[in-house]
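Residues per chain are reported as follows:
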Amino acid sequence: MRSVVRRLARRAEILTALALVLVASWAFVAWITLDMSHPLVQLTMPVDTAWSWATAVAVVVMWAGMMFAMMLPSAAPMILAFDSVERGDTGDGRGTPRTLVFAGAYLLVWIGYSALAAGAQWGLQASGLLTPMIVSSSDRLTAGLLVLAGLYQLTPLKQACLRHCRTPLAFLMAEWRDGMRGAFAMGLKHGLYCAGCCWALMLLLFVAGVMNPVWIVFLTVVVALEKWPRLPIWLIRLTGAAAIAAGAGVLL
């Protein structure tokens, strides 16, 4: 009985850490989307393309907070599976440090994606394709993003990345490495698979608005459902076809 209690207590460490990051991320998303008059939030919605360093940093932080909030729910099964295997592998139940390194490396990938997304935001705004509210102002851009996301849903690369995300234990058994560097490498690799799976869907934030809380929640649910092992693959292809049809509808 005591060993069970100890295992649950140690398990609570990583669950608490994940919960804190997730709650903080969603609180951040709620703040930036519901309090747009705040000066710090307005930094993320520059009127012109002459960005200051403060604006650039604020935009990257905005994207990173949003990616953490949107991606952590679907990444939690992999992180918890890593923690379970790690605790069994060490034999003494002390898996938390390597688990945190694994999760940190995973989030690092999405920080990199956030920097790229911030660059895309600047470029699209400079081209007159985005409003200061970070919403597409061009039917061609809207249609292009929808068709791109839809086509990518149908590609073998999408399916390959998705398979790794949907089978945590299979990924861990194939990629397992010891030590802190090993945990970092595994977390980084999983993050790259996850980004390879979801990058096009995340670009759809430009379609209905990066600051649109309903759209953010909708995309979060779509990403989480895609990684559910029991979801039929044909449903993922169906969402791709729907996105392509929506893009064609915008053009027509």
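Basis of the calculations
Once a new chain begins, its residue numbering starts again from 1 and follows that chain's sequence as written. Confidence filtering applies because this is a predicted model: local features only for residues at pLDDT of at least 70, side-chain atom pairs given and counted only at 80 or more, and all residues used for totals across whole chains, interfaces and linings. Values reported for side chains reflect all heavy atoms of the structure, with hydrogen atoms and water molecules removed beforehand. Only DSSP runs of H or I reaching four residues or more are called helices, and only runs of E reaching two or more are called strands; each is numbered from the N terminus. Expected helix span is computed as 1.5 Å times (number of residues minus one). Each polar contact in these results corresponds to two N or O atoms within 3.5 Å; when the atoms are within protein, one needs to be able to donate a hydrogen and the other to accept it, and residues that are neighboring in sequence are counted only if both atoms are side-chain atoms. Classification of ring pairs uses Phe, Tyr and Trp, with its six-membered ring standing for Trp, and accepts pairs whose centres are within 6.5 Å; under 30 degrees between planes counts as stacked, over 60 as edge-to-face, and the remaining range as tilted. Any residue under 20% of the maximum accessible area for its type is buried, any over 50% is exposed, and the rest in between are partly exposed; the area is computed with a 1.4 Å probe on protein chains only. Two axes define the bend at a residue: one fitted to the seven residues ending there, one fitted to the seven starting there, and the bend is the angle between them. Angles shown run from 0 to 180 degrees and are taken between the N-to-C directions of axes, each axis being a line fitted to C-alpha atoms and, for helices, limited to the stretch in contact. Between 65 and 115 degrees an angle is taken as roughly perpendicular, under 35 as roughly parallel, over 145 as roughly antiparallel, and anywhere else as oblique. Each helix crossing is assigned a hand: it is left-handed if the near helix lies turned anticlockwise from the far helix by less than a right angle, otherwise right-handed if that turn is clockwise. Note on contacts: a residue pair qualifies if any of its non-hydrogen atoms lie within 4.5 Å across the two residues. Charged means Asp, Glu, Lys or Arg here, nonpolar means Ala, Val, Leu, Ile, Met, Phe, Trp, Tyr, Cys or Pro, and polar covers whatever is left, Gly included. A side-chain nitrogen of Lys or Arg and a carboxyl oxygen of Asp or Glu constitute a salt bridge if their distance falls within 4 Å. pLDDT expresses, on a scale from 0 to 100, how confident the predictor is about each individual residue. Note on terminology: a nonpolar core comprises buried Ala, Val, Leu, Ile, Met, Phe, Trp, Tyr and Cys residues joined through side-chain atoms within 4.5 Å.

Further remarks concern helix H10 (residues 213-226). End to end, H10 covers 20 Å across 14 residues, agreeing with the expected 20 Å (1.5 Å per residue, within 8%). At the N-terminal boundary of H10, the capping side chain belongs to Asn-212, with an oxygen 3.1 Å from the backbone nitrogen of Val-214.

A few words now on the packing of aromatic side chains. For any pair of aromatic rings, the description consists of the separation of the ring centres together with the inter-plane angle of the planes. Enumeration over the complete set of coordinates arrives at eight aromatic pairs. Between Phe-82 and Phe-102 the ring centres are 4.4 Å apart and the planes differ by 10°, which places this aromatic pair in the stacked class. Placement of Phe-82 in helix H3 (residues 53-90) and of Phe-102 in helix H4 (residues 96-126) is noted, with a sequence separation of 20 residues between them. On the accessibility criterion, Phe-82 (0% relative accessible area) is buried. Owing to a relative accessible area of 0%, Phe-102 belongs among the buried residues under this scheme. Consider the rings of Phe-171 and Tyr-193, whose centres lie 6.1 Å apart with planes at 90°: the pair is edge-to-face.

With 25 residues, helix H8 (residues 179-203) ought to run about 36 Å at 1.5 Å a step, and its terminal C-alpha atoms sit 35 Å apart, in line with that. Within H8, the axis deviates most sharply at Cys-197, by approximately 45°.

The contact between helix H6 (residues 156-166) and H8 brings their axes to 8 Å, and the two run at 130°. Here H6 lies oblique to H8, going by the angle between them. Where H6 crosses over H8, the two elements pack in a sense that is left-handed. Contacts from Lys-158, Cys-161, Leu-162, His-164 and Cys-165 in H6 reach His-190, Tyr-193, Cys-194, Gly-196, Cys-197 and Leu-201 in H8. Grouping the constituent residues of the contact of H6 with H8 by class yields seven nonpolar, three polar and one charged.

Turning to the pattern of salt bridges, a few remarks are in order. Side-chain pairing between opposite charges can occur once the charged atoms of the two side chains come close. If you walk through the whole model with that rule in mind, you get three salt bridges. Here Glu-86 ties to Arg-98 by a salt bridge, and the two come within 2.9 Å at their closest N and O atoms. In this pair, Glu-86 is assigned in helix H3 and Arg-98 in helix H4, connecting sequence segments 12 residues apart. Assigned by exposure class, Glu-86 and Arg-98 land together as buried. Residues Glu-175 and Lys-189 are paired through a salt bridge, measuring 3.0 Å at the closest nitrogen-oxygen approach. Remark: Lys-189 occurs in helix H8 and Glu-175 occurs in helix H7 (residues 168-175); sequence separation between them is 14 residues.

Here the chain shows a mean pLDDT of 90. Residues at 70 or above account for 93%. Averaged over each element, pLDDT in the chain is lowest for helix H1 (residues 2-34) (80) and highest for helix H5 (residues 139-153) (96).

This next bit is on the nonpolar core. The biggest cluster of nonpolar side chains holds 70 residues, and the ones touching the most others in it are Trp-63, Met-66, Trp-110 and Leu-205. Among all residues touching Met-66, those that are not within four sequence positions of it are Val-29, Ile-32, Leu-205, Val-210 and Ile-216.

For the rest of this paragraph, the subject is unusual backbone geometry. The backbone phi angle of Ile-134 is positive, close to 65°, even though this residue is not glycine. In this fold, Ile-134 is placed in the loop between H4 and H5.

Further remarks concern the side chain of Glu-226. Inspection of the secondary structure assignment puts Glu-226 in helix H10. Here the side chain of Glu-226 touches Lys-158 through a polar contact of 2.8 Å, side chain to side chain. Apart from the residues lying within four places of it in its own chain, the contact partners of Glu-226 are Gln-153, Lys-158, Leu-162, Arg-166, Cys-197, Leu-201, Leu-231, Ile-236 and Thr-239.

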